[in-house]
Amino acid sequence: MRRPKTLVAMGRPVATRLLNAQARSRLAMIADVDPHLVVDDFTGVDLSAVEVLYTSWGCPPVTAEVLASAPRLRAIVHAAGSVKHHVTDAVWQRGIAVSTAADANAEPVAEFTLASILYANKRVIDIARAYRSERENQDWDARFPGFGNYRRTVGIVGASRIGRRVIELLRPFDVEVLVSDPYLREDLGVTRVDLDELVTRCDVVSLHAPDLPETHHLMDAARLAGMRDGATLINTARAALVDQDALTAELASGRLYAILDHTEPEILPTGSPLYDLPNVLVTPHIAGSLGGELARMADLALDELARYARGLPFEHGVEPTSLSRSA
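- In the nomenclature of an unreviewed UniProt entry, the protein is known as Phosphoglycerate dehydrogenase-like enzyme of Nonomuraea dietziae.
- Taken verbatim from the UniProt record of the protein, the Sequence similarities (unreviewed entry) comment is "Belongs to the D-isomer specific 2-hydroxyacid dehydrogenase family."

## Observations regarding the domain arrangement of the protein
- Here the domain parsing of the protein yields domain 1 (6-95 + 291-325) and domain 2 (105-282).
- Of note, the centres of domain 1 and domain 2, computed from C-alpha atoms alone, are 34 Å apart.
- At the junction of the two partners, domain 1 supplies six residues and domain 2 supplies eight residues.
- Summed over both partners, the interface of domain 1 with domain 2 comes to about 620 Å²; 61% of that surface belongs to carbon and sulfur atoms.
- Put simply, domain 1 and domain 2 have zero residue pairs in polar contact (both at pLDDT 80 or more) between them.

## Thoughts on the UniProt feature "domain: D-isomer specific 2-hydroxyacid dehydrogenase NAD-binding" (unreviewed entry) in the protein
- According to UniProt, the positions carrying the feature "domain: D-isomer specific 2-hydroxyacid dehydrogenase NAD-binding" (unreviewed entry) are residues 116-287.
- The distance separating the terminal C-alpha atoms of residues 116-287 is 10 Å; by composition the span is 32% helix and 17% strand.

## What about the UniProt feature "domain: D-isomer specific 2-hydroxyacid dehydrogenase catalytic" (unreviewed entry) in the protein?
- Taking the UniProt record as the reference, the feature "domain: D-isomer specific 2-hydroxyacid dehydrogenase catalytic" (unreviewed entry) is found at residues 49-313.
- Counted over residues 49-313, helix gives 36% and strand 15%. Its end C-alpha atoms are 21 Å apart.

## Things to note about the packing of helix α5 (residues 102-122) against helix α8 (residues 161-170)
- With their axes 8 Å apart at the nearest point, α5 and α8 run at an angle of 50° to one another. Taken as axis vectors, α5 and α8 run oblique relative to one another. Every pair of crossing elements has a handedness; the one defined by α5 and α8 is right-handed. Contacts between α5 and α8 pair Ala 102, Asp 103, Ala 106, Glu 107, Val 109, Ala 110, Glu 111, Thr 113, Leu 114 and Ile 117 from the former with Arg 161, Ile 162, Arg 165, Val 166, Leu 169 and Leu 170 from the latter.
- When its residues are assigned to classes, the contact of α5 with α8 shows ten nonpolar, one polar and five charged.

## Focus on the sheet that holds strand β1 (residues 6-9)
- Spatial strand order, β2-β1-β3-β4-β5: five strands in an open sheet with parallel pairing. Since the sheet does not close on itself, it has two edges, and those belong to β2 (38-39) and β5 (97-100), each with one partner.
- This element, helix α12 (residues 294-309), spans β1, β3 (52-55), β4 (75-78) and β5 of the sheet and lies at about 170° to β3.

## Details of the nonpolar core
- In this structure, Met 10, Leu 18, Tyr 54 and Leu 305 are the most contacted members of the largest nonpolar core, which totals 31 residues.
- Elements represented by at least two residues in this core include exactly α1 (12-18), α2 (21-30), β3, β4 and α12.
- Sort the elements by how many residues they give to this core and α12 lands first, with ten residues.
- Ignoring anything within four residues of it in the chain, the contact list for Leu 305 reads Pro 4, Thr 6, Leu 27, Ile 30, Ala 31, Val 52, Tyr 54 and Val 77.
- Judged by nonpolar contacts, the second largest core, of 29 residues, contains Val 157, Val 199, Ala 209 and Leu 256.

## Some points on the packing of aromatic side chains
- Under the defined criterion, the tally for this structure stands at one aromatic pair.
- With centroids separated by 6.2 Å and ring planes inclined at 25°, the aromatic side chains of Tyr 308 and Phe 314 adopt a geometry described as stacked. Grouping residues by exposure puts Tyr 308 and Phe 314 together as buried.
- Taking NZ or CZ as reference, Arg 123 lies 3.8 Å from the ring centre of Tyr 257, over its face.

## Some points on the sheet that holds strand β6 (residues 152-157)
- The strand order across the open sheet formed by seven strands is β8-β7-β6-β9-β10-β11-β12, and the pairing between neighbours is parallel. The open sheet terminates on both sides in strands that have one partner only, identified here as β8 (191-192) and β12 (280-282).
- Its contacts with the sheet place α8 against β6 and β7 (175-180), and it is angled at close to 160° to β6.

## Re the pairing of strand β10 (residues 232-235)
- A two-sided burial pattern is seen for β10, the buried positions comprising Thr 232 and Ile 234 on one face and Leu 233 and Asn 235 on the other.
- Here strand β9 (residues 204-207) pairs with β10 via four bridges, running parallel. Across the sheet, the residue bridging to Leu 207 is Asn 235, located in β10.
- Taken together, β9, helix α10 (residues 221-226) and β10 form a β-α-β motif whose crossover is right-handed.
- Bridge analysis of β10 against strand β11 (residues 257-260) gives four bridges, and the strand direction is parallel.

Reading the values: the criteria
- Residues numbered from 1 in each chain as written.
- Predicted model: local features only at pLDDT ≥ 70, side-chain atom pairs only at ≥ 80, totals over all residues.
- Heavy atoms only, no water.
- UniProt positions renumbered as here; feature names shortened; annotations may be inferred.
- Domains from an automatic or database assignment.
- Contact = heavy atoms within 4.5 Å.
- Buried area = accessible area lost by both parts, 1.4 Å probe.
- Polar contact = N/O pair within 3.5 Å; in protein donor to acceptor, adjacent residues only side chain to side chain.
- Helix = DSSP H or I, 4+ residues; strand = E, 2+ residues; numbered from the N terminus.
- Axes fitted to C-alpha atoms, helices over the stretch in contact; angles between N-to-C directions.
- Parallel < 35°, antiparallel > 145°, perpendicular 65-115°, else oblique.
- Left-handed = near helix turned anticlockwise from the far one by under 90°.
- Nonpolar A, V, L, I, M, F, W, Y, C, P; charged D, E, K, R; others polar.
- Pairing = 2+ DSSP bridges.
- Core = buried A, V, L, I, M, F, W, Y, C linked by side-chain atoms within 4.5 Å.
- Buried < 20%, exposed > 50% of the residue type's maximum accessible area, 1.4 Å probe, protein only.
- Phe/Tyr/Trp six-rings, centres within 6.5 Å; stacked < 30°, edge-to-face > 60°.
- Lys NZ or Arg CZ within 6 Å of the ring centre and 35° of its normal.
- Right-handed = clockwise from strand over helix to strand, strands pointing away.

Listed below in structure tokens is the structure:
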């Protein structure tokens, strides 16, 4: 196996967390690379011999100017999800192969979503808060009639990598799963419906669509009003998919529940009611790969780099035509 000349291009703090000693050692075995050299700015960097960029969050854009100084560049292996932030049109025009670790990043988001669905239907957060403040056991059946997961209906909005993985994780449970995605053509083994029908039928609605102009405020005031009383909205995607003012009004009324891993702004102002409403759980964008989960992305990207070194096509290659409807 040949060892292609490779450069690590990402934010330096990202590299410290992403590339542990084992990953750096494997990277050095696969490629001709200095695993301790991390570039977060291509200005003044000698790219003349570089064949592969091993990238992650914080990689500077690979522009036409950058490519002009990198005549041998043939591949970009991205140890994270979306490549839109650094892979420019010039990359595609030059025919450079691009790979992504989006599948690896989808796994923790799907796991977080599964836990959120099960907790939401079981009313775990509400009961824990009540128990902590009141310090006494109660008739929880009477307080939360019909709570639990048996025969509940869960709606997945967006048959993305994450949405599909959530569907797979839900298979062992006694729940009905509905999916809504205008681009879905294949049979995922669950019931496909349009979004307006989905929101009216589901006990939990979980968002997994990309942030695109056509998905802006996908969950608008009308669709939020159409959700069942007591239903839960889960958003591990992007805040722009939801009319946050309309959602806040519904939550303040006590009619709906929400688990929000992304808000607008991402750090809510101190006075935001979303912090204190008892029917809301807000988390600081932690559903995706963090901590030890970063190693999964590094490993997948190293697998892809090894495939490239052996002359094989990427298993997780990115097609430019798919970017218009992906994150």
